[in-house]
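Read off the chains here:
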Amino acid sequence: MKSKIEAIRNQFSKDIEDAKSAKDVEALKVKYLGKKGPVQDLMRGLKDVTDADRPHVGKWINDLKEDLMNACMRSLNELEQKEESERLSHENIDVTLPGRRHHLGRRHIVNQFMDEIVDIFIEMGFSIQEGPEIESDYYNFEALNFSKDHPARDMQDTFYITEDMLLRTHTTNLQVRLMETQKPPIRVLSPGRVYRNEEISARSHVFFHQVEAMYIDKGVTFGDLIATLESFLVKLFGAGIKSRFRPSYFPFVEPGLEVDIQCLLCRGKGCGICKHSGWLEVLGAGMIHPEVLRNGGIDPETYTGYAWGMGLERMILIKHRIKDIRILTQNDLRFLEQF
Ligand code: PHE
């Protein structure tokens, strides 16, 4: 019996040496370990072995079976590795080629500037809320004291969608919406995109961004407005920035102001950017008109408030000496990656 087992083992060793592929190994496995193979034959022959011999003869057969199985597995592994290394040796990999660079994204320059302003106002206790860009005539104009034939409507060339719906021309559209849903004190900063039907040129575009600030409470005064604005401008443009306030007109404030800062480029000496005046106009502001408060359901006898709105693009152009506003929306990475 022992010699029979060894003969099978030897023959198998030779056969597996000759195996050239995984398929050959599979075939050997069937040939030796399958139902009609020699190992099964040995098993069947066990019944003719004496009771005394059966345990160790059984063990020989089991050992043989296990050895053949393991040899098949080993051979399969080796063949697979050989195939893989052959495949790799045919491939040409140039390890000196430069790797693929991963580009790190960044916030757009307009959003970066907006974030700066938002941070200043969060520190001052304002909450941030955004209004809709598609707006009704009512919230964009009517509720803000622009009647249908009000001449001030001409100041803001409007994209109308229907007779009653439009693309908001300013972030002031959020004011009455907020008054309707919140009780004073209301202290909100509202950043967002606005639209005006203007000719696109180096200096103006059909959309740009504004931030709107609004504060309503008992006893809010004109002095509060000036103080807040001054401290905001210093935080944004740095200590030593000079500002000046000029009376102006917006239907939704009374009194209304326009605010200038000393030109960021020439510091007041006069240059091409500030049209040799030494000043740059940066924002519109004022005390919220009593009629607008009333439209929002707030009693102007009890409450007062201030508001202001500032465009961002022009400030960015000046700060970074950019000559053409259109480059801000052209998504040219060579430009965007500079910020
Ligand atoms: N909405 C005005 C504009 O777009 C700015 C403004 C806001 C003025 C709030 C006064 C008060 O020009």
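Nothing here was measured: the structure is a model prediction, and the numbers come from that model.

Bringing the overall build of the protein into the picture now. Helix and strand counts for the protein come out as 11 helices and 9 strands. In terms of its C-alpha atoms, the protein occupies a principal-axis envelope of roughly 120 × 50 × 45 Å. Considering the protein as a whole, with its 339 residues, one finds that 42% of them fall into the buried category. Counting contacts in the protein only where the partners sit at least 6 residues apart, residues at least 24 apart contribute 67% of the total. Here the protein has roughly 19,600 Å² of accessible surface; of this, 52% comes from carbon and sulfur atoms.

Turning our eyes to something else, we now look at the layout of surface pockets. Rolled over the atoms, a probe with the dimensions of a water molecule shows which regions are left empty. In this structure, the largest pocket encloses a volume near 1,000 Å³. Contributing to the lining of the largest pocket are 43 residues, with Arg196, Glu281, Val282, Gly311 and Arg314 lying nearest its centre. Of all the secondary-structure elements, those providing two or more residues to the lining of the largest pocket are β5 (207–217), β6 (243–248), β7 (253–262), β8 (279–288), β9 (304–311) and α10 (313–319). The element contributing the most residues to the lining of the largest pocket is β8, with 8 residues. Counted as a void, the second largest pocket has a volume near 290 Å³. Surrounding the second largest pocket, Ala202, Arg203, Leu265, Gly272, Ile273, Lys275, Arg314, Leu317, Ile318, Arg321, Ile322 and Lys323 form its lining.

Close to the ligand lie 13 residues; His170, Thr172, Arg196, Gln210 and Gly309 are nearest. In this structure, arginine 196 approaches the ligand through a side-chain N or O atom, which is 2.9 Å from an oxygen atom. Interatomic distance of 2.9 Å between a side-chain N/O atom of glutamine 210 and an oxygen atom of the ligand. Coverage of the ligand by the protein amounts to 92% of the 320 Å² it exposes when considered alone. At a threshold of 2 Å from the grid points, most atoms of the ligand map onto the largest pocket. Every element with two or more residues in the shell around the ligand is listed here: β5, β8 and β9.

Take glycine 192: it is sitting in strand β4 (residues 186–195). On a C-alpha basis, the gap between glycine 192 and alanine 202 in space is 21 Å, while along the polypeptide they are 10 residues apart. Those residues in contact with glycine 192 that sit more than four places away from it in its chain are Met114, Arg168, Thr171, Phe208, His209 and Gln210.

Counting buried positions along β7 yields 8 of 10 residues, so the element is predominantly enclosed. Note: β6 against β7, 6 bridges, orientation antiparallel. For proline 247, the partnering residue across the bridge sits in β7 and is leucine 257. Following β6, the chain reverses through 4 residues before pairing antiparallel with β7. Note: β7 against β8, 8 bridges, orientation antiparallel. Residue pairing across strands places leucine 257 opposite alanine 285, the latter belonging to β8.

When its domains are assigned, the protein resolves into domain 1 (2–89) and domain 2 (109–336). Taking only C-alpha atoms into account, the centre of domain 1 sits 86 Å from that of domain 2.

Before going further, it helps to spend a moment on empty space enclosed by the protein. Tallied over the entire structure, the rule returns 1 cavity of 30 Å³ or more. The volume enclosed by the largest cavity comes to roughly 40 Å³. Around the largest cavity, the lining residues are Leu174, Gln175, Leu178, Val188, Ser190, Glu212, Ala213 and Met214. Taken together, the residues of the lining of the largest cavity break down into 5 nonpolar, 2 polar and 1 charged.

Helix α4 (residues 54–90) packs onto helix α3 (residues 38–45) with a crossing angle of 165 degrees between their chain directions and a minimal axis gap of 10 Å. Judged on the interaxial angle alone, α4 and α3 are roughly antiparallel. Handedness of the α3/α4 crossing: left-handed. Residue-level contacts link Val39, Leu42 and Met43 of α3 to Ile61, Asn62, Leu64, Lys65 and Leu68 of α4. Looking at the contact of α3 with α4 residue by residue, the class counts come to 6 nonpolar, 1 polar and 1 charged.

What follows is about the packing of helix α2 (residues 22–33) against α3. The geometry of α2 relative to α3 is characterised by a closest axis approach of 5 Å and an angle of 20 degrees between their N-to-C directions. Of the possible angle classes, the one that applies to α2 and α3 is roughly parallel. Packed against α2, whose contacting residues are Lys31, Tyr32 and Leu33, the element α3 presents Pro38, Val39 and Gln40 at the interface. Taken together, the residues that form the contact of α2 with α3 break down as 4 nonpolar, 1 polar and 1 charged.

Reading guide: rules and limits
Residues numbered from 1 in each chain as written. Predicted model: local features only at pLDDT ≥ 70, side-chain atom pairs only at ≥ 80, totals over all residues. Heavy atoms only, no water. Helix = DSSP H or I, 4+ residues; strand = E, 2+ residues; numbered from the N terminus. Buried < 20%, exposed > 50% of the residue type's maximum accessible area, 1.4 Å probe, protein only. Contact = heavy atoms within 4.5 Å. Areas by Shrake-Rupley, 256 points an atom, 1.4 Å probe, with all protein chains shown as cover. 1 Å grid on protein atoms, 1.4 Å probe; cavity = no way out; pocket = protein on both sides within 12 Å on 5 of 7 lines; lining within 4 Å. Points joined across faces, edges and corners; volume = space filled by probe spheres on them. Near = heavy atom within 4 Å. Polar contact = N/O pair within 3.5 Å; in protein donor to acceptor, adjacent residues only side chain to side chain. Sits in = over half its atoms within 2 Å of the grid points. Pairing = 2+ DSSP bridges. Domains from an automatic or database assignment. Nonpolar A, V, L, I, M, F, W, Y, C, P; charged D, E, K, R; others polar. Axes fitted to C-alpha atoms, helices over the stretch in contact; angles between N-to-C directions. Parallel < 35°, antiparallel > 145°, perpendicular 65-115°, else oblique. Left-handed = near helix turned anticlockwise from the far one by under 90°.

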